Amino acid sequence: MRSPFSLKQEFLKKWILGLQRCRSSKKNMSIFKRKKVIKLSADVAMASARKGTTCWSRALIADAVKEGNADKHLAEKILGPASERQPTEKVPVGAMAYNKRIRSKKILKRSSVIRRTIKCAPQAARPSSIVKTLVGKRRQILRSLIPGGEFMNGVSLIEETLDYIISLRAQVDVMRSLASASKLVNLN
Amino acid sequence: MSGRRSGSGVSSISDDQITHLVFKLQQLIPELCARRSLKASASKVLQETCDYIRNLHKEVEDLSDRLSQLLASIDTDNDQAAIVRSLLM
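Computed from a prediction, not measured in an experiment: that's the story for all the values here.

**Q** Which residues make up the packing of aromatic side chains, and what values go with them?
**A** Here a ring pair, both rings aromatic, is described through the centre-centre distance and the interplanar angle of the planes. Residues and elements named next belong to chain A. Tallied over the entire structure, the rule returns 2 aromatic pairs over all chains. When the centroid spacing of 5.4 Å and the interplanar angle of 15° are considered together, the rings of Phe 11 and Trp 15 count as stacked. Linking Phe 11 with Trp 15, this pair stays in helix 1 (residues 4-21), spanning 4 residues, or about one helical turn. Under the relative-accessibility criterion, Trp 15 is labelled buried at 0%. Considering the side-chain rings of Trp 56 and Tyr 164, the 4.9 Å spacing of their centres and the 65° angle between planes classify their relative orientation as edge-to-face. With Trp 56 in helix 3 (residues 55-65) and Tyr 164 in helix 10 (residues 154-187), the pair connects residues that are 108 residues apart, well separated along the chain. Accessibility classification places Trp 56 together with Tyr 164 in one group, the buried group.

**Q** Which residues make up the pattern of salt bridges, and what values do they have?
**A** A complete count under the given rule lists 18 salt bridges over all chains for this structure. When the shortest N-O distance is used, the salt bridge between A:Lys35 and B:Asp65 registers 3.8 Å. One end of the pair, A:Lys35, is in helix 2 (residues 31-49); the other, B:Asp65, is in helix 3 (residues 42-70), on a second chain. Using a relative accessible area of 32% as the deciding quantity, one classes B:Asp65 as partly exposed. A:Asp173 is the salt-bridge partner of A:Arg176, the closest N and O atoms lying 3.8 Å from each other.

**Q** Explain the nonpolar core residue by residue, including any values.
**A** With 64 residues, the main nonpolar core has A:Trp15, A:Trp56, A:Ile146, A:Met175, B:Ile53 and B:Leu67 as its most contacted residues. Broken down by secondary-structure element, the contributors of at least two residues to this core are helix 1, helix 2, helix 3, helix 4 (72-79), helix 9 (137-145) and helix 10 of chain A together with helix 1 (11-28) and helix 3 of chain B. Ranked by the residues each element gives to this core, the list is headed by helix 10 of chain A, at 13 residues. In contact with B:Ile53, not counting residues within four places along its chain, are A:Leu142, A:Leu145, A:Ile146, A:Thr161, A:Tyr164, A:Ile165 and A:Leu168.

How each quantity is defined
- Residues numbered from 1 in each chain as written.
- Chains lettered and ligands numbered in written order.
- Predicted model: local features only at pLDDT ≥ 70, side-chain atom pairs only at ≥ 80, totals over all residues.
- Heavy atoms only, no water.
- Phe/Tyr/Trp six-rings, centres within 6.5 Å; stacked < 30°, edge-to-face > 60°.
- Helix = DSSP H or I, 4+ residues; strand = E, 2+ residues; numbered from the N terminus.
- Buried < 20%, exposed > 50% of the residue type's maximum accessible area, 1.4 Å probe, protein only.
- Salt bridge = Lys/Arg side-chain N within 4 Å of Asp/Glu carboxyl O.
- Core = buried A, V, L, I, M, F, W, Y, C linked by side-chain atoms within 4.5 Å.
- Contact = heavy atoms within 4.5 Å.

Take it as geometry only, folks, not as evidence of what the structure does.
See the structure below:
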């Protein structure tokens, strides 16, 4: 069981690193841009703290750097040089399929690449009374809330949700602590 | 990608797994924590989960806003980072 505290430390370390990578242009940044940098580096830091072990974290990072994303260059800056990135960049099962999906939806639907993404959902949910609650609108909503959710199903969807919630909570806790700490430092 | 529906053969195993996972989810969500002894219905858990995730997203947004204003005055150089780190440990 991962200790929540070490997760927070890992997140904080990566977040500060990401912020520092954007620091050179920080002096003249508008508040709007600064907020974007803070939020994006926090999200990316939380995702990379997972070290590619979860589908949502891979999808989040892949999404941040995909073609056509307005903040792509910012995300790449935060992630740092390719050599320093997580190994997930090389074999991102979910992410690779996600990127290919953008390029060619038709082929993707029929090709075996789709089967690889199903590694995120090894056993498709079989129909049962519980699983029936996982179909329909609520499942769709949940999938839309989790990065890469559209590739997940059944058991893996819930597992990813659990991990995502734990990570989000850690992220919020650290950000909140930083906000109160900054306020204290500001007052001095 | 729609779910593949194979035959209803071995549904009991997945059923237990999913029930267990849904229960774990229930324990994570503050709204439902009080009912730990009672298993909330799966659909209720899912609904609360979605709301909870949305709330967390909103908190991240708000905190990013606050931080962008607070950090306007602080230089996020190593000194400040060290202070904050020590405050958080």
